[in-house]
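# An overview of the molecular structure
The lines below spell out each chain.
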Amino acid sequence: MTHEAAGVPTTRNDEDRQDSDRPDASRPAPETQDHAPGAPDAAGGPEGGAPRPEARLAKAVQAAEQALIEFEIAVETFRVEVENFSRLHHQKLGPMYARLDELDALIAEARAARTKDPEDERKAREARAAVLPMPGVDELFHDWMDGDGLSPEAAAMLTEQPVRPPKRVRPSEEARRLYRDLARKAHPDLAQDETERQRRDEFISRVNAAYGRGDVELLKELVEEWAAGPVPPPAPLSESEELYARLEWLTRRKELLTVLAQELEEGPIGSMLRIAPDDPDQLLEDIAEQLLGEVSRRESELAEMVQ
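Residues numbered from 1 in each chain as written. Predicted model: local features only at pLDDT ≥ 70, side-chain atom pairs only at ≥ 80, totals over all residues. Heavy atoms only, no water.

### Looking at the overall build of the protein chain
Note the threshold: Starting at the N terminus, helices and strands are each numbered in turn, a helix being any DSSP run of H or I of at least four residues and a strand any DSSP run of E of at least two. Residue burial is assigned from relative accessible area. The probe radius is 1.4 Å, only protein chains are included, and a residue is buried under 20% of its type maximum, exposed over 50%, and partly exposed in between. Exposure was quantified through the Shrake-Rupley algorithm and a 1.4 Å probe, taking into account, for residues, occlusion by the shown protein chains and nothing else.
A tally of regular secondary structure across the protein chain gives 11 helices and two strands. In sequence order, the protein chain lays out its α and β elements as α-α-α-α-β-β-α-α-α-α-α-α-α. Expressed as a percentage of the 307 residues in the protein chain, the buried residues total 38%. Surface exposure of the protein chain reaches about 18,200 Å², of which carbon and sulfur atoms provide 54%.

And the structure:
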């Protein structure tokens, strides 16, 4: 979650690649087509006259807003994939890694019992210690805390709601379509006042949670909820000072998102996702198959040693 802007995640699906021609927040806004001779100036200037500078600036702000929203959608989509891959990796492969550690300890202990060698006994003690490590803070809170606080599963349990972990790394095509539609319509950056921004913030948080779980039915309900809600008024033409400040804020926001995208890509899970960008779920299955083979080989080795 390939894009031209620096830091945009590279592991994208086919639908995203079809959107590769969308505006990017790092590129200047496109110029509008010229008016037909004699037609009124859509920017508010007199017929045949030059548009007001504030009107051109307002168009630049609108284009930057839309480009930033598209960039945020790409980053959030990739963040969901990274988080889901991490959780599913732990759920599916964690028991296999634990079994391999246990087999390694049993093999080392069997070898030490046979040889009575002090070095083999030391290795056996080390292997056994690796099976039951002293848990640290990260392990104690694994899968229950994220950068924004409680994970969806933890929040659900504390509020006595059903726990709904992700079913797959990448949400379905329909879930992605619904998410993009909602994000483009209800994004907080389109708010014109603080009250509207707070309403949109709360709504988009629910959209993100549903998308993270790939909950298509809930996303459909949110589409209906937004359609029935208040329609925001059209944005009035701002004064040039406010428009310049808005452009500066959009630029800073884009820079922060670029840093986040780079951190996601360069992390261990993001690096794994780059191995199989088109089918990360299959990557988990392939790793699981390899681990099962390792478990089988170690079990055979142990069986030969204890005969």
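### Points about the packing of aromatic side chains
Rule in force here: Pairing of aromatic side chains here covers Phe, Tyr and the six-membered ring of Trp, requires ring centres within 6.5 Å, and sorts the geometry by plane angle: under 30 degrees stacked, over 60 edge-to-face, intermediate tilted. The criterion is that NZ of a Lys, or CZ of an Arg, lies within 6 Å of the ring centre and within 35 degrees of the ring normal, and then a charge sits over that ring.
The tally for this structure, following the rule as stated, stands at two aromatic pairs. Measuring from ring centre to ring centre gives 5.1 Å for Phe203 and Trp226, while their planes differ by 40°; the resulting arrangement is tilted. Within this pair, whereas Phe203 is found in helix α7 (residues 194-213), its partner Trp226 is found in helix α8 (residues 216-228), the two being separated by 23 residues in sequence. With respect to burial, Phe203 and Trp226 carry one shared label: buried. The side chain of Lys254 reaches across the aromatic face of Phe71, ending 4.5 Å from its centre.

### Examining the packing of helix α2 (residues 53-115) against helix α6 (residues 173-186)
Helix-helix packing is described using two parameters, namely the angle between the two axes and the distance between the axes. Going by this rule: Structural elements are reduced to axes, namely lines fitted to C-alpha atoms, with helices fitted over the stretch in contact, and the angle between N-to-C directions of any two is expressed from 0 to 180 degrees. Just so you know how the angles are binned, under 35 degrees is roughly parallel, over 145 roughly antiparallel, 65 to 115 roughly perpendicular, and the rest oblique. Less than a right angle of anticlockwise turn of the near helix away from the far helix marks a crossing as left-handed, whereas a clockwise turn marks it as right-handed. Contact criterion: two residues are considered in contact whenever any of their non-hydrogen atoms come within 4.5 Å of each other. The classification used treats Ala, Val, Leu, Ile, Met, Phe, Trp, Tyr, Cys and Pro as nonpolar, Asp, Glu, Lys and Arg as charged, and all other residues, Gly among them, as polar.
Close contact between α2 and α6 brings their axes to 10 Å; oriented N to C, the two are set at 140°. Considered as vectors, α2 and α6 are oriented oblique to each other. In this structure, α2 meets α6 at a crossing whose hand is right-handed. For the pair formed by α2 and α6, the contact residues are Ile69, Glu70, Ile73, Glu76 and Thr77 on the first element and Tyr179, Arg180, Ala183 and Arg184 on the second. Here the residues of the contact of α2 with α6 are counted per class, giving four nonpolar, one polar and four charged.

### Brief notes about the nonpolar core
Rules: Each nonpolar core is a collection of buried residues, namely Ala, Val, Leu, Ile, Met, Phe, Trp, Tyr and Cys, held together in the definition by side-chain atoms within 4.5 Å.
One finds Phe85, Leu93 and Leu273 to be the most contacted residues of the largest nonpolar core, which totals 30 residues. Ranked by the residues each element gives to this core, the list is headed by α2, at 14 residues.

### Brief notes about unusual backbone geometry
Residues other than glycine seldom take positive phi values, yet Lys116 does so here, at roughly 60°. Tracing the sequence through the fold places Lys116 in the loop between α2 and α3 (118-131).

### Some remarks on the packing of α6 against α8
For the pair α6 and α8, interaxial distance at closest approach is 10 Å and the crossing angle is 25°. For the element pair α6 / α8, the angle class is roughly parallel. Here α6 and α8 pass one another in a crossing that is left-handed. Here Glu174, Ala175, Leu178, Leu182, Lys185 and Ala186 of α6 lie close against α8, whose contacting residues are Val216, Leu219, Lys220, Leu222, Val223 and Trp226. Residues belonging to the contact of α6 with α8 are distributed by class as follows: nine nonpolar, no polar and three charged.

### Concerning the side chain of Asp189
Here is the rule: N or O atoms within 3.5 Å of each other form a polar contact, as long as, within protein, one can give a hydrogen and the other can take it, and as long as residues adjacent in sequence are counted only when both atoms are side-chain atoms.
Mapped onto the elements of the fold, Asp189 is located in the loop between α6 and α7. By relative accessible area, Asp189 is classed as buried at 4%. Side-chain polar atoms of Asp189 contact the side chain of Arg197, separated by 3.4 Å. Beyond its immediate stretch of four places on either side in the chain, Asp189 contacts Glu65, Leu68, Glu72, Arg197, Arg246 and Trp249.

### Structural notes on the pattern of salt bridges
For clarity, the cut-off: Any carboxyl oxygen of Asp or Glu within 4 Å of a side-chain nitrogen of Lys or Arg constitutes a salt bridge here.
Here the structure, examined in full by the defined rule, presents 24 salt bridges. We note a salt bridge from Arg99 to Glu299, for which the minimum N-O separation is 3.1 Å. Of this pair, Arg99 sits in helix α2 while Glu299 is found in helix α11 (residues 280-305), placing the two residues 200 residues apart along the sequence. Since its relative accessible area comes to 35%, Glu299 is described here as partly exposed.

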